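What follows is the residue order along each chain.
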Amino acid sequence: MAIRRFVMVGLVALLATGCSFWSTPTAEGTWTTPRTAWGDPDLQGVWRYEGAVPLERPKAFAGRESLTDEEIADRDRIEKEQAANRLAGLEGAAVGRRSIDESPIRGNEYNSFWQDHGRPRRVFRQTSLVVDPRDGLLPYTPEARKAETRAQARYGVGPYESYLDPDTGERCLTDGVTAMMWQGPNGGHNMIVQSPGYVTILHEEYRDRRIIPVNGGSHGAVRQWLGDSVGRWEGETLVVETTNVLDRTNYEWANIWTRASETLTIVERFTRVADDTIDYRITVDDPATFAQPWTANMPISRLPEGTRIYEYACHEGNYAMANLLSGGRAQPRAQASSK
Amino acid sequence: MRRTAMNHEDTKRTRSKKALRGLRRVVLASVGIGLAAAPLHAHHAFAAEFDANRPIKLRGTVVKMEWINPHTWIHIEVKQPNGRVEAWAIEGGPPNALFRRGFSRNSLPTGIEIVVEGFQAKDGSRRANGRDVTFGDGKRLFLGSSGTGAPRDGLDPTERR
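Predicted model only: the values in this text are computed from it and were never measured.

This part takes up the overall build of chain A. A tally of helices and strands in chain A yields four helices and ten strands. Shown N-terminal to C-terminal, the secondary structure of chain A runs as helices and strands in the order α-β-α-β-α-β-β-β-β-β-β-β-β-α. Expected size for 339 residues packed as a compact globule is a radius of gyration near 20 Å; at 21 Å, chain A falls within 12% of this value. Principal-axis analysis of the C-alpha atoms gives chain A an extent of 75 × 50 × 40 Å. Looking at chain A as a whole, 43% of its 339 residues qualify as buried. Restricting the contact set of chain A to residue pairs at least 6 apart, pairs at least 24 apart contribute 64%.

Quick look at the structure:
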């Protein structure tokens, strides 16, 4: 069963491996993939997704997979303006968020200051990270769409009656393996370290770690939060298949598309296409959430030599858990006393 | 209520001006292509912990700063008019984000007096989500958003635009 699913996801991943919208290797024709001392393609360094492309295609671009040159130039100018505004201490609409006057708190509470933005975001031709299905939208099942709507509505509202009610990120656990390579508002850096037979990825936020054997071995039998990843080299590309994920669908997730279930399978493809760029392609299949597999494609940028990953000992300072549980209890008290 | 209340009248007076300013910003940001951000919450949920209707402004002395994840916490002592000293804890941005913005261990030394603006915890305890910190010499350290309803005082960069 699992093998059949992998073959299917692998096939979809392969079919979705087309020409990238953004891939522009420098000095084309002369560049060769750097290699480790033992001969594998070298992916090592600290990496971060720095693009300004939304995961799903906005309605305004329905039916369009790519931007025009004018739109790219326009968007690039706006991104640069917003980055400068952010550095100047501006918030709200000036940095691409909701207007503060329209929404002083919601959407502006943990504003850009609270997040690790890194360098200004880059604009690419594609209108969504999702490249398959071709409409650029996540193919939720009707049930998952309802769950997503419910999750969005309860964020910050509750009920918060137990430590199980906040989402997995608020509990300092994880946001799941699906978005790890390209998200992390409090720490989106990923450090890749290789040794003979292994590729290790350290994600700054939550300090998620993945130790991936790349000798083509088989999956184990232990289910884990981040699943069980096995890799292999296909030419210059590292292909990582992940399965054996624990079912945590009964937990709250910041976004339903990142949730973990026993039927979740992921195929990732890492191809270094320039000194400073990895072409990253992820195909996600999970009948518990999606009606069909979906694929996202994006460039991941190498950060300058010496960029460090910092510790993210989230539980150490997770006062928020106590705060939101006591806040949850204070709310009914306040409502009762006002009656 | 023991907290030092903000001047709500000031807030009301500036609201219409801010609305105009905000509109200008919306128009500016909407020019070209509005590529909305991917749906992702920045943990944690403000509304679950703090009360947007309880803005506070505290003058106090720094006792310590906790450089911990997922958020830093500044501990201050606030002297009340009756001489009693209250301990407050103020939430700030995550350490890695602050550090990459140039904050250091020396940015908020123990013993200095600061003014903190923010929003109090929903449970009424002496904890708050920090917005801005102002030093004795008027220098300002932005812990969070400007323009969340705080009175205009000319120090906010958004007011100089």
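Once that is clear, we can look at the overall build of chain B. Helices and strands together make up the secondary structure of chain B, namely three helices and six strands. Shown N-terminal to C-terminal, the secondary structure of chain B runs as helices and strands in the order α-α-β-β-β-α-β-β-β. Of all 161 residues assigned to chain B, the portion counted as buried reaches 38%.

Counting residues in hydrophobic clusters, the biggest one holds 45 residues, and the most contacted among them are Val 130, Val 199, Leu 238, Tyr 280, Ala 296, Met 298 and Ile 300 of chain A. Of all elements in the fold, only strand 2 (130-132), strand 4 (198-203), strand 7 (237-243), strand 8 (265-274), strand 9 (277-285) and strand 10 (294-302) of chain A reach the threshold of two or more residues within this core. Setting aside its immediate chain neighbours within four residues, Val 130 of chain A contacts Leu 55, Glu 56, Arg 57, Gly 136, Leu 137, Leu 138, Trp 294 and Ala 296 of chain A. Counting residues in each nonpolar core, the second largest holds 27 residues, with Phe 113 of chain A together with Ile 74, Leu 98 and Ala 128 of chain B among its members.

Residue and element names in this part refer to chain A. Here the amide bond leading from Asp 132 into Pro 133 is cis, since omega sits at 5 degrees, within 30 degrees of zero. With an omega of 10 degrees, the peptide bond between Gly 158 and Pro 159 qualifies as cis. Mapping Pro 159 onto the fold places it in the loop between helix 3 (142-154) and strand 3 (190-195). Of note in this structure, Tyr 206 is not a glycine but carries a positive phi near 65 degrees. Following the sequence through the fold, Tyr 206 ends up in the loop between strand 4 and strand 5 (209-213). If you check the backbone angles, Asn 244 has positive phi at about 55 degrees while not being a glycine. Mapped onto the elements of the fold, Asn 244 is located in the loop between strand 7 and strand 8.

Our focus in this paragraph is helix 2 (residues 69-87) of chain A. At 3.6 residues per turn, the α-helix brings residues three or four places apart onto the same side. Residue and element names in this part refer to chain A. Taking 1.5 Å as the rise per residue, helix 2 with 19 residues should run 27 Å; its terminal C-alpha atoms sit 27 Å apart, in good agreement. Three or more residues of helix 2 are buried, namely Arg 75, Ile 78, Gln 82, Asn 85 and Arg 86. Around the axis of helix 2, the buried residues are gathered within 95 degrees of arc, so they sit on the same side. In helix 2, those exposed residues whose orientation departs by more than 90 degrees from the buried face are Asp 69 and Glu 70. One or two positions beyond helix 2, positive phi appears at Gly 89, with a value near 90 degrees.

What follows deals with the domain arrangement of chain A. How big an interface is tends to be reported as the loss of accessible area on association of its parts. Residues and elements named next belong to chain A. Taken domain by domain, chain A holds domain 1 (2-64 + 129-338) and domain 2 (68-122). With eight residues of domain 1 at the interface, the matching set in domain 2 holds eight residues. By residue class, the composition of the side of domain 1 that touches domain 2 is two nonpolar, four polar and two charged.

When the terminal C-alpha atoms of helix 3 of chain A are compared, their 19 Å separation across 13 residues agrees well with the 18 Å that a helix rising 1.5 Å per residue should span. Of the residues one or two after helix 3 of chain A, Gly 156 of chain A is the one with positive phi, at around 80 degrees.

The next subject is the confidence of the model for chain B. Residue and element names in this part refer to chain B. Mean pLDDT for chain B: 69, with 60% of residues reaching 70 or above. Counting contacts from residues 1-39, a segment whose pLDDT is below 50, to residues more than four positions away or on other chains yields 54 contacts. In the predicted structure, residues 144-161 sits below a pLDDT of 50 and forms 50 contacts with residues beyond four places in sequence or in another chain. Two numbers describe this predicted complex: its pTM, 0.81, and its ipTM, 0.73.

Quick look at the environment of Tyr 251 of chain A now. All names here are of chain A. Structurally, the position occupied by Tyr 251 is in the loop between strand 7 and strand 8. For Tyr 251, a count of 15 C-beta atoms within 10 Å corresponds to the partly exposed category. Among all residues touching Tyr 251, those that are not within four sequence positions of it are Leu 164 and Thr 168.

Glancing now at the pairing of strand 1 (residues 50-66) of chain B. All names here are of chain B. Taken together, the eight bridges between strand 1 and strand 4 (residues 113-121) define a ladder with antiparallel strand orientation. Bridging from a neighbouring strand, Gly 60 pairs with Ile 114 of strand 4. Pairing between strand 1 and strand 2 (residues 73-79): five bridges, direction antiparallel. Residue pairing across strands places Glu 66 opposite Trp 73, the latter belonging to strand 2. Hairpin remark: strand 1 followed by strand 2, antiparallel, with six residues in the connecting loop.

This brings us to the pairing of strand 2 of chain B. Pairing of strand 2 of chain B with strand 3 (residues 85-91) of chain B involves seven bridges; the strand directions are antiparallel. What sits directly across from Lys 79 of chain B, in strand 3 of chain B, is Val 85 of chain B.

Glancing now at the environment of Arg 134 of chain A. Considering the arrangement of structural elements, one finds Arg 134 of chain A in the loop between strand 2 and helix 3. Among the residues examined, Arg 134 of chain A registers 11 C-beta atoms within 10 Å and is labelled exposed.

Looking at where Thr 265 of chain A falls in the secondary structure, it is placed in strand 8. Sequence separation between Thr 265 of chain A and Gly 216 of chain A is 49 residues, and the spatial gap between their C-alpha atoms is 17 Å.

Definitions and limits used
- Residues numbered from 1 in each chain as written.
- Chains lettered and ligands numbered in written order.
- Predicted model: local features only at pLDDT ≥ 70, side-chain atom pairs only at ≥ 80, totals over all residues.
- Helix = DSSP H or I, 4+ residues; strand = E, 2+ residues; numbered from the N terminus.
- Rg over C-alpha atoms; globule rule 2.2 N^0.38 Å.
- Buried ≥ 20, exposed ≤ 12 C-beta atoms within 10 Å, placed from the backbone.
- Contact = placed C-beta atoms within 7 Å.
- Core = buried A, V, L, I, M, F, W, Y, C linked by C-beta atoms within 7 Å.
- Expected span 1.5 Å × (residues − 1).
- Arc of directions from axis to C-beta.
- Domains from an automatic or database assignment.
- Nonpolar A, V, L, I, M, F, W, Y, C, P; charged D, E, K, R; others polar.
- pLDDT = per-residue confidence, 0-100.
- Pairing = 2+ DSSP bridges.

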